[in-house]
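# Fold and geometry: a report
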Amino acid sequence: QVQLVESGGGLVQPGGSLRLSCAASGIFFDSTTMGWYRQAPGKQREWVAGIHSGGLKNHADSVKGRFTISRDVAKNTVYLQMNSLKPDDTAVYYCNAQREYGGDEYWGQGTQVTVSS
């Protein structure tokens, strides 16, 4: 059974930083693309960043240079380091896992990030 458990969200002032974590079980990073998505109130869920099984990383233009996705294979955990946060980054952030063979997809329960002074 696949489980993705996010943590690390919270309230932060503009310009601040947060690091989100996604602890994964039931999947293997060597055959799974891991990603972060977010959904702001009244908006559609959008892709934020992804890391391929081979380690290739991609980030949305809106967060490039501010956010960094990474993973710790030994801990089966994916991270999203968020710096220079803006009010527009306020959203529920979701961890996503997509098997590269078969395409099965899984979601975490989400963690709230609020950027406000």
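Residues numbered from 1 in each chain as written. Predicted model: local features only at pLDDT ≥ 70, side-chain atom pairs only at ≥ 80, totals over all residues. Heavy atoms only, no water.

Bringing the pattern of salt bridges into the picture now. Working definition: two side chains of opposite charge can pair if their charged atoms are close together. Using the criterion set out here, one finds 4 salt bridges in the structure. Salt-bridge contacts for Arg38 lead to Glu46; the nearest nitrogen and oxygen are separated by 2.6 Å. On the basis of relative accessibility, which here comes to 6%, the residue Arg38 falls in the buried class. Between Arg38 and Asp89 there is a salt bridge, with the nearest N and O atoms lying 2.9 Å from each other. Separated by 51 residues along the polypeptide, Arg38 in strand S4 (residues 32-39) and Asp89 in the loop between strand S8 (77-82) and strand S9 (91-99) bring together distant segments of the chain. Linked through salt bridges whose partners overlap, the residues forming this network are Arg38, Glu46, Arg66 and Asp89. (Salt bridge = Lys/Arg side-chain N within 4 Å of Asp/Glu carboxyl O. Buried < 20%, exposed > 50% of the residue type's maximum accessible area, 1.4 Å probe, protein only. Helix = DSSP H or I, 4+ residues; strand = E, 2+ residues; numbered from the N terminus.)

Let's shift gears to the nonpolar core. Of all hydrophobic cores here, the largest spans 29 residues; its most connected members are Met34, Trp36, Leu80, Met82 and Tyr93. Where this core is concerned, the elements lending two or more residues are strand S3 (18-25), S4, strand S5 (46-51), strand S7 (67-72), S8, S9 and strand S11 (111-115). With residues up to four places along the chain from it excluded, the contact list for Leu80 reads Leu18, Arg19, Leu20, Trp36, Val48, Ala49, Phe67, Thr68, Ile69 and Tyr93. (Core = buried A, V, L, I, M, F, W, Y, C linked by side-chain atoms within 4.5 Å. Contact = heavy atoms within 4.5 Å.)

Let us now look at the sheet that holds S7. Strand order in the open sheet made by the 4 strands is S1-S3-S8-S7, with antiparallel pairing throughout. Lying at the two open borders of the sheet, with one neighbouring strand each, are strand S1 (3-7) and S7. Sheet twist, expressed as the mean angle between neighbouring strand axes with direction ignored, is 15 degrees. In this structure, S1 lies alongside S3, joined through 5 bridges in antiparallel fashion. Bridging from a neighbouring strand, Leu4 pairs with Ala24 of S3. (Pairing = 2+ DSSP bridges. Axes fitted to C-alpha atoms, helices over the stretch in contact; angles between N-to-C directions.)

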